[in-house]
Structures are given as structure tokens and as C-alpha cells.
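# Structural overview
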Amino acid sequence: MCTWSWARHRMGVLVLGLLTRQVSAMSLTDAIERAWQSAPLFHEQLEADRNLYEVSKMERRQRFLPNEPQVFYGNTDDRTDIIFGINETIGFPGKALAFTRQDRIKEDNARAEWNAKRYEVTQTVSQAYLDTAVALATVEQQKRNILDAETLAGSLKARYEAGLAAQAEVIGSDLQIRQQRADLSAAENQAKVSLAKLQRLLHLSSDPTPLVLPDDLDSEVLRQLGEYTADEDRALGATALAQSTRKLALWAQAPDLSLSVQRNYYDYLPGSPSGKVIAYNYMVGITAPILFPFYEWTAARRQREQARLDEETARMQLAAAESDRDLARQEYDRARARLKEIRETDLPLAEALMESTFSAYRTGKLGYAELTLARKTLNDLRAQDIQLRSSIISAHLRCLGQERASS
């Protein structure tokens, strides 16, 4: 008999283990990595930004390459003079060197835009995941609250029938349970909508639940996101590009060189200036800004002042982004401190208060109102625990990095 019981217990453990492996929870890190790597809605955007970054690197290398040559062909009516030629325009050497720094800044901006898009994808997926996880956790919490309330309501009715409780307490208990059930229905609807949204965003074919609501972001996710938010990255890039454009406003009007080679074939020899059947002509031209005080200077000045305006606008955007980061850093520190306080102090005290109040209620030393207040205090603290974990992750994303947030 003992052997059979042990075998049955062992079989139950194996079955439970198989079910546990089949139902694997999707963590926040799993959701973020899926959005980065395979979810079509986000992966295609990241791939496009990455490809644009690769194009910007190619453009930087092409600065010193000549433009596409112009090949031309000419002929006379009597076909006595056939012309073949090629023309090439290249930038003034100093002009090309001056613009290499701006090319590097554009490449950095393309990289920053890629990082900014990754950050925005992470923020969108994280918010959808947190909304779903909080809603599901709230549903479970409210189910437990209703179960506790129903247990207490049964005890209260027994006391009422024994003449130890007032009818008003019974009516109040029933009304509280009805309200909690209405709140549970609303929470279940919210969880259903949030879960459907998460499935669409991540292109999931099945329900990803159960979801795990973590206490903070994974360090690997933070490492891949970098040090700056999307707004900071874009503002820094816009500032650097505007500064470069302002400094290069005059270089944009610098001369260009034109090189031309022409081959003439004279079928009618008297028409050849050199008296040869084949003659070659070589030309070098310079596009010089001879009207610089008028046209070129005006264009350079406009470009420089526009760049100055763009630079100041970018600085204002950077200041706003840094202010948002500082606020998020304070919110992050405050939420972490409060969560630690709740778990280490408030929740144990609330549980002890609940047990003490229930014992006093059973002996008739305290009424149902005091017991309800103790239950509400405990439930509110549990709800705060759920909300604070969501707030910590959201704030951490907006300040990026625990070491930055606590510095």
C-alpha cells in the first residue's frame, strides 16, 4: 500500500513537471526581445533604420569619390567631324575635407536614430506588457479579496443569527461583495483588452499568459538600450548637425573643378585644326563664386543663420529631455524606496493588524467596521505593490540605467 501511494505521488510529480514545462510564462525581457528580433510590426522598423545607418556609412566613404561622369557624343551633318568626350566635376579638395566631419555627424545621427527607434519599440512593448500584467494581477487580487469577503460574510451571518451582530453589518457586507464583483468584472474586461493588444503587437498566435510582473528591468535590456532616451539622442544629434552646418556655410560656396577630355575624328582632313585625322582636347574649369558679395554670400548667410536657429531649437529640446529624465530618476528612486518600505514594514504590519483584528472580532471585542478597515488597509497595500512595480519599470525606461538613476 505504501509502495503504491509513493508511485502514485511520483507520477503526480512527473505530470506536474510536464505541465509546468508546457506552460512557460513570458517575461518582460522575452517580450522585448521578441519585438526586437521577430515581431513584424517592430522588427521591420528596426531593420529599416539599421539599413539607413548602413547607407549613411557608405555615403561617408563616397565623399572623396568623383561624381558620375558625363559622356557625350557629337557629329556634323556631313559626318566629317565625329566627337567623343567625357566630362567630370569634382569638389574643391578643401571643400571635401571640410565636409568629412559633417558626414561623420550624419552617420552618428543615423546610428542614434536606430537606437531611438529601439528605445521607442521597447517603451511601447513594455507599456503594453505592464498594462496586461497589472490587469491580470489585479484580477487575481480582487478574486482573493472576494473570497475573503465571502468567508467573512458567512461568519458575520452566523453571528447575526446568534444575535451577536447587527443587521446593518450583514447588509453592508453584502453590498461590499456586490461592489467588489462589479470591480472584478471591469478588471477582467481591462485584462482581456490589454492581452489582445499585446498579442497583436508581438504577433502571437496563442495566449502568452501567465505573465510575470518583475520588480525592475533586466540589466541586459538596459545595456542594449544605451545611455540616452530617444528624445536625448535626437536632440544631441540635431545640435551637433546644426553646429556643423553653421561652420560649413561658407564652404558650401567654395569652387568646384570640371575636367573634360574630348576626342575628335575628322573624316574631312582640311576641317582639322591640327591637320590630323584624330585630335584630343583637354579642358579644366573652375566654378568660382565671382558674385560672392551678392548671391553666394546671401545664401551662405541664410544657411548659417538657419543653422543657428536649428541649434538653439535642438538645445531647448535637449533641456526638456534632460528635465524629463531627472523627473523620471526621482520617480524611480521614490517608487523603489516605497516598494521596499511596503514589503519590509507596511505589509507585515497590515497582516498582523488583520490577524489581531480578526481575533478580536471573533471574541466580540471589535466590530465588523474595524475588521473591514483592517482588510481595506491590507488590500490597498497589496494593490500598491502591484502598481509600484509597474511605475518602477516605466520610470527606469525614462531615465535609463539604475547607475544613472541613483547618481
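Figured I'd write up the structure that's included with this text. (Residues numbered from 1 in each chain as written. Predicted model: local features only at pLDDT ≥ 70, side-chain atom pairs only at ≥ 80, totals over all residues. Heavy atoms only, no water.)

With that out of the way, let us pick up the overall build of the chain. Check the secondary structure of the chain and you find ten helices and four strands. Counting from the amino terminus, helix and strand elements in the chain follow one another as α-α-α-β-β-α-α-α-α-β-β-α-α-α. Taken over the C-alpha trace, the chain has a radius of gyration of 37 Å; the compact-globule value for 407 residues is 22 Å, which it surpasses by more than 25%. A sequence separation of at least 24 residues applies to 79% of the contacts in the chain between residues at least 6 apart. Here the chain has roughly 24,600 Å² of accessible surface; of this, 56% comes from carbon and sulfur atoms. (Helix = DSSP H or I, 4+ residues; strand = E, 2+ residues; numbered from the N terminus. Rg over C-alpha atoms; globule rule 2.2 N^0.38 Å. Contact = heavy atoms within 4.5 Å. Areas by Shrake-Rupley, 256 points an atom, 1.4 Å probe, with all protein chains shown as cover.)

All right, on to the nonpolar core then. Generally speaking, nonpolar side chains in soluble globular proteins are found buried as a group. In terms of nonpolar packing, the biggest core is built from 33 residues, with Tyr129 and Leu202 touching the most fellow members. Here this core takes nine residues from helix H4 (residues 93-161), the largest share from any one element. If we ignore the near neighbours within four places in the chain, the residues touching Tyr129 are Met26, Ser27, Leu28, Ala31, Leu198, Leu211 and Val212. Among the nonpolar cores identified, the runner-up in size contains 22 residues, and Leu156, Ala350, Leu381 and Ile392 belong to it. (Core = buried A, V, L, I, M, F, W, Y, C linked by side-chain atoms within 4.5 Å. Buried < 20%, exposed > 50% of the residue type's maximum accessible area, 1.4 Å probe, protein only.)

Here we come to helix H3 (residues 40-61). Its 22 residues place the ends of H3 32 Å apart at the C-alpha level, agreeing with the 32 Å of an ideal helix rising 1.5 Å per residue. Of all the residues in H3, the buried ones are Phe42, Leu46, Asp49, Tyr53 and Ser56. The arc that holds the buried residues of H3, viewed along the axis, is 70 degrees, so those residues lie on one side. Away from its buried face by more than 90 degrees, H3 exposes Glu44 and Arg61. Residues of H3 that are buried make contact with helix H2 (28-37), H4 and helix H5 (167-202). (Expected span 1.5 Å × (residues − 1). Arc of directions from axis to C-beta.)

You can see Pro210 is positioned in the loop between H5 and helix H6 (219-225). Spatially, the C-alpha atom of Pro210 lies 9.0 Å from that of Ser27, the residues being 183 residues apart in sequence.

Right, let's get into a nonpolar patch on the surface. Nonpolar side chains collect at one region of the surface, where Val71, Ile86, Val261, Tyr265, Leu269, Val277, Ile278, Tyr280 and Tyr282 lie side by side and expose about 830 Å² of accessible area between them. The set of elements that each furnish at least two residues to the nonpolar patch consists of strand S3 (256-266) and strand S4 (278-287). For the nonpolar patch, the element with the highest residue contribution is S4, accounting for three residues. Mapped onto the elements, Ile278 comes out in strand S4. Of the residues examined, Ile278 reaches a relative accessible area of 33% and is grouped as partly exposed. (Patch = residues over 30% accessible without salt bridge, like charges linked within 9 Å, V, L, I, M, F, W, Y side chains within 5 Å. Salt bridge = Lys/Arg side-chain N within 4 Å of Asp/Glu carboxyl O.)

Moving on: the pattern of salt bridges. Applying the stated criterion to the full structure yields 22 salt bridges. For Arg181, the salt bridge goes to Glu150, with nearest N and O atoms at 2.5 Å. Taken together, the positions of Arg181 in helix H5 and Glu150 in helix H4 put the pair 31 residues apart, joining distant regions of the chain. Judged by its relative accessible area of 33%, Glu150 falls in the partly exposed class. Salt-bridge contacts for Lys376 lead to Asp380; the nearest nitrogen and oxygen are separated by 2.9 Å.

Interhelical geometry of H4 versus helix H9 (residues 368-399) gives an angle of 170 degrees and a closest axis separation of 10 Å. Taken together, the axis directions place H4 and H9 in an arrangement best described as roughly antiparallel. Considered class by class, the residues forming the contact of H4 with H9 number twelve nonpolar, eleven polar and five charged. (Axes fitted to C-alpha atoms, helices over the stretch in contact; angles between N-to-C directions. Parallel < 35°, antiparallel > 145°, perpendicular 65-115°, else oblique. Nonpolar A, V, L, I, M, F, W, Y, C, P; charged D, E, K, R; others polar.)

Take Arg101: it is sitting in helix H4. Note: C-alpha distance between Arg101 and Arg60 (41 residues apart in sequence) is 9.3 Å.

Before going further, it helps to spend a moment on the sheet that holds S4. With antiparallel pairing, the four strands of this open sheet are ordered in space as S1-S2-S3-S4. Of all the strands in the sheet, the pair left with one neighbour each is strand S1 (70-75) and S4. Here the strands of the sheet are splayed against their neighbours by 15 degrees on average, with no regard to which way each runs. Relative to S4, S3 runs antiparallel, the two being bridged by ten bridges. From the neighbouring strand, Leu259 faces S4, where its bridge partner is Val284. (Pairing = 2+ DSSP bridges.)

A separate point is unusual backbone geometry. Positioned with a positive phi, His203 is a non-glycine residue whose angle comes to about 55 degrees. Within the secondary structure, His203 is located in the loop between H5 and H6. A residue is classified by how much of its surface remains accessible, and His203, at 54% relative accessible area, is exposed.

With that settled, consider the packing of aromatic side chains. For any pair of aromatic rings, the description rests on two quantities: the centre-to-centre distance and the angle between the ring planes. This model, assessed by the stated rule, comprises four aromatic pairs. Measuring from ring centre to ring centre gives 6.0 Å for Tyr53 and Trp114, while their planes differ by 35 degrees; the resulting arrangement is tilted. With Tyr53 in helix H3 and Trp114 in helix H4, this pair connects stretches of sequence that are 61 residues apart. Neither residue differs from the other here; Tyr53 and Trp114 are each classed as buried. Both rings, one in Tyr73 and one in Phe84, keep their centres 5.3 Å apart while their planes meet at 50 degrees; by these two values the pair is tilted. Within this pair, whereas Tyr73 is found in strand S1, its partner Phe84 is found in strand S2 (residues 81-91), the two being separated by eleven residues in sequence. Each residue in the set Phe358, Tyr361 and Tyr368 is aromatic and connected to the rest through ring pairs, giving one cluster. The lysine or arginine in question, Arg111, covers the ring of Tyr53, its NZ or CZ lying 5.5 Å from the ring centre. (Phe/Tyr/Trp six-rings, centres within 6.5 Å; stacked < 30°, edge-to-face > 60°. Lys NZ or Arg CZ within 6 Å of the ring centre and 35° of its normal.)

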